[in-house]
Amino acid sequence: DARVTQTPRDKVTEMGQEVTMRCQPILGHNTVFWYRQTMMQGLELLAYFRNRAPLDDSGMPKDRFSAEMPDATLATLKIQPSEPRDSAVYFCASGLVVADDRGGNEYSYNEQFFGPGTRLTVL
Amino acid sequence: SQKIEQNSEALNIQEGKTATLTCNYTNYSPAYLQWYRQDPGRGPVFLLLIRENEKEKRKERLKVTFDTTLKQSLFHITASQPADSATYLCALGVNTGFQKLVFGTGTRLLVSP
C-alpha cells in the first residue's frame, strides 16, 4: 500500500531554532508539494517540485524557509530560524503529472496523495 | 481578488439524508476541480475530480457538479452515514505555467445517527 511518509509527526521547538521536516513521496511520482495548514488560512502551497527541480516556491518566506529534493525518495523543508507564527501543520503531497498537449502547458488531472503531516509548535 | 469560499460553519445532518456542500470561487479559471476529505489529525484524501467541460461526476454515493458560469461546485453525499463525518475541501486546478491546486478552507460535516 503505497503512501507518503513524513517525519517527524510532531515537533515542539523554541523560537530561533532550526527545524527540518522530511518527506518520502510515493515511488514513481514525479511531483512533490509542500503545504502549510492553519485554521485561519487553510492549506497554502509553499513549494512545488517536478522531477526533483523546484518549479515554484513563491508561497515560502524566502528569508527563513528552504525546500530541497536531494534525491527522488526524499524532500526536505527547513525553517531557520523558526518563529511562533510558523506554528502549523505541514503536509507533503506527491502526484504524477501527465503531459497534456494543450497549448504547450502541462496539465495533471491526477490526485495528490498527502502524507500524515508534521505538527510544528514554535514556542 | 481571488477567492475560494466554502461554508465555514459545520453542516449537521441526520443519517440517511443527503449532504450538500458548496464551493464558490471568484477570479479563477480552473481547468478542473477536486474534492478531498480530511479527518482530524490526518492528511486530505482525494475523492473526486471534475473537469471544466463536465457537468456532473458520480462515484458510489458521491456526486459532484461543476458550473463554470456560476463559478460553483456542489458536492453531494447521498444516504449519509456517521462515518462520512469529516471536513471536505474543494481544490481548484489552476495553471500558472504549471498546474497547481488552490484549496478552499473546507466545510465540516457532522452526520448524526
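Residues numbered from 1 in each chain as written. Chains lettered and ligands numbered in written order. Predicted model: local features only at pLDDT ≥ 70, side-chain atom pairs only at ≥ 80, totals over all residues. Heavy atoms only, no water.

1. A word on the overall build of chain A
Moving on, step 1. Along the backbone of chain A there are zero helices and eleven strands.
Moving on, step 2. When the helices and strands of chain A are placed in sequence order, the string is β-β-β-β-β-β-β-β-β-β-β.
Moving on, step 3. Taking 123 residues into account, the globule formula puts the C-alpha radius of gyration at 14 Å, and chain A, at 15 Å, falls close to it.
Moving on, step 4. Dimensions of chain A, computed from C-alpha atoms along their principal axes, come out at roughly 50 × 30 × 30 Å.
Moving on, step 5. The buried share of chain A, taken over its 123 residues, is 45%.
Moving on, step 6. In chain A, 56% of the contacts between residues at least 6 apart in sequence involve partners at least 24 apart.
Moving on, step 7. When the accessible surface of chain A is summed, it comes to about 6,300 Å², and 49% of that surface belongs to carbon and sulfur atoms. (Helix = DSSP H or I, 4+ residues; strand = E, 2+ residues; numbered from the N terminus. Rg over C-alpha atoms; globule rule 2.2 N^0.38 Å. Buried < 20%, exposed > 50% of the residue type's maximum accessible area, 1.4 Å probe, protein only. Contact = heavy atoms within 4.5 Å. Areas by Shrake-Rupley, 256 points an atom, 1.4 Å probe, with all protein chains shown as cover.)

2. A closer look at the layout of surface pockets
Moving on, step 1. Empty space within the largest pocket amounts to approximately 730 Å³.
Moving on, step 2. A:Q37, A:M39, B:Q38, B:P40 and B:T87 are, among the 30 residues lining the largest pocket, the residues nearest its centre.
Moving on, step 3. Mapped by element, the contributors of at least two residues to the lining of the largest pocket are β4 (31-38), β9 (88-95) and β11 (118-122) of chain A together with β9 (86-95) and β11 (107-112) of chain B.
Moving on, step 4. Per element, the largest residue contribution to the lining of the largest pocket is four residues, and it comes from β11(B).
Moving on, step 5. Grouping the amino acids of the lining of the largest pocket by side-chain chemistry returns ten nonpolar, 13 polar and seven charged.
Moving on, step 6. Estimated volume of the second largest pocket: approximately 440 Å³.
Moving on, step 7. Lining the second largest pocket we find 17 residues, and of these A:F114, A:G115, B:R42, B:G43 and B:V45 sit closest to its centre.
Moving on, step 8. Taken together, the elements giving at least two residues each to the lining of the second largest pocket come down to β10 (113-114) of chain A together with β5 (45-51) of chain B. (1 Å grid on protein atoms, 1.4 Å probe; cavity = no way out; pocket = protein on both sides within 12 Å on 5 of 7 lines; lining within 4 Å. Points joined across faces, edges and corners; volume = space filled by probe spheres on them. Nonpolar A, V, L, I, M, F, W, Y, C, P; charged D, E, K, R; others polar.)

3. Focus on the sheet that holds strand β1 (residues 3-6) of chain B
Residue and element names in this part refer to chain B.
Moving on, step 1. Strands sit in the order β1-β3-β8-β7-β6 across an open sheet of five strands; the sheet is antiparallel. Two strands in the sheet have a free side with no partner beyond their single neighbour: β1 and β6 (56-59). Strand-to-strand, the axes of this sheet are offset by a mean angle of 15°, without reference to chain direction.
Moving on, step 2. In this structure, strand β7 (residues 62-67) lies alongside strand β8 (residues 72-77), joined through six bridges in antiparallel fashion. Counterpart to V64 in the pairing with β8 is F75. (Pairing = 2+ DSSP bridges. Axes fitted to C-alpha atoms, helices over the stretch in contact; angles between N-to-C directions.)

4. Remarks on the pairing of β11(A)
Remember that side chains alternate between the two faces of the sheet whenever the strand is regular.
Residues and elements named next belong to chain A.
Moving on, step 1. Of the two faces of β11, only the one carrying T118, L120 and V122 is buried; R119 and T121 on the other face are not.
Moving on, step 2. Judged from the four bridges that link them, strand β2 (residues 10-13) and β11 form a sheet pairing that is parallel. Bridge pairing in β11 places D10 opposite R119.
Moving on, step 3. In terms of strand pairing, β9 meets β11 through three bridges, oriented antiparallel. Bridge assignment links Y90 to a residue of β11, and that residue is T118.

5. Quick look at unusual backbone geometry
Moving on, step 1. At the junction of A:T7 and A:P8, the peptide bond is cis and its omega measures out at -10° in the coordinates.
Moving on, step 2. By the secondary structure assignment, A:P8 is in the loop between β1 (5-7) and β2.
Moving on, step 3. In this model, A:Q80 is joined to A:P81 through a cis peptide bond whose omega is -5°.
Moving on, step 4. With respect to the helices, strands and loops of the structure, A:P81 is situated in the loop between β8 (74-79) and β9.
Moving on, step 5. Despite not being glycine, B:N27 shows a phi value in the positive range, around 60°.
Moving on, step 6. Looking at the element boundaries, B:N27 is found in the loop between β3 (19-26) and β4 (32-38).
Moving on, step 7. With a phi angle near 45°, B:A79 is a residue other than glycine that sits in the positive phi range.
Moving on, step 8. Among the secondary structure elements, B:A79 is positioned in the loop between β8 and β9.

6. Observations concerning the pattern of salt bridges
Moving on, step 1. Throughout the structure, instances matching the rule amount to ten salt bridges over all chains.
Moving on, step 2. In this structure, A:E83 and A:R64 form a salt bridge, with 3.5 Å as the shortest nitrogen-oxygen distance. Here A:R64 lies in the loop between β6 (53-56) and β7 (65-71) and A:E83 lies in the loop between β8 and β9, a separation of 19 residues in the sequence.
Moving on, step 3. Classification of A:E83 as partly exposed rests on a relative accessible area of 23%.
Moving on, step 4. On the basis of relative accessible area, A:R64 is assigned to the buried category, the value being 7%.
Moving on, step 5. Close ionic contact of B:R58 with B:E56 constitutes a salt bridge, the shortest N to O distance being 2.9 Å.
Moving on, step 6. A residue is classified by how much of its surface remains accessible, and B:R58, at 58% relative accessible area, is exposed.
Moving on, step 7. Accessibility expressed as a relative area gives 38% for B:E56, which makes it partly exposed. (Salt bridge = Lys/Arg side-chain N within 4 Å of Asp/Glu carboxyl O.)

Read these as spatial facts, not as claims about activity.
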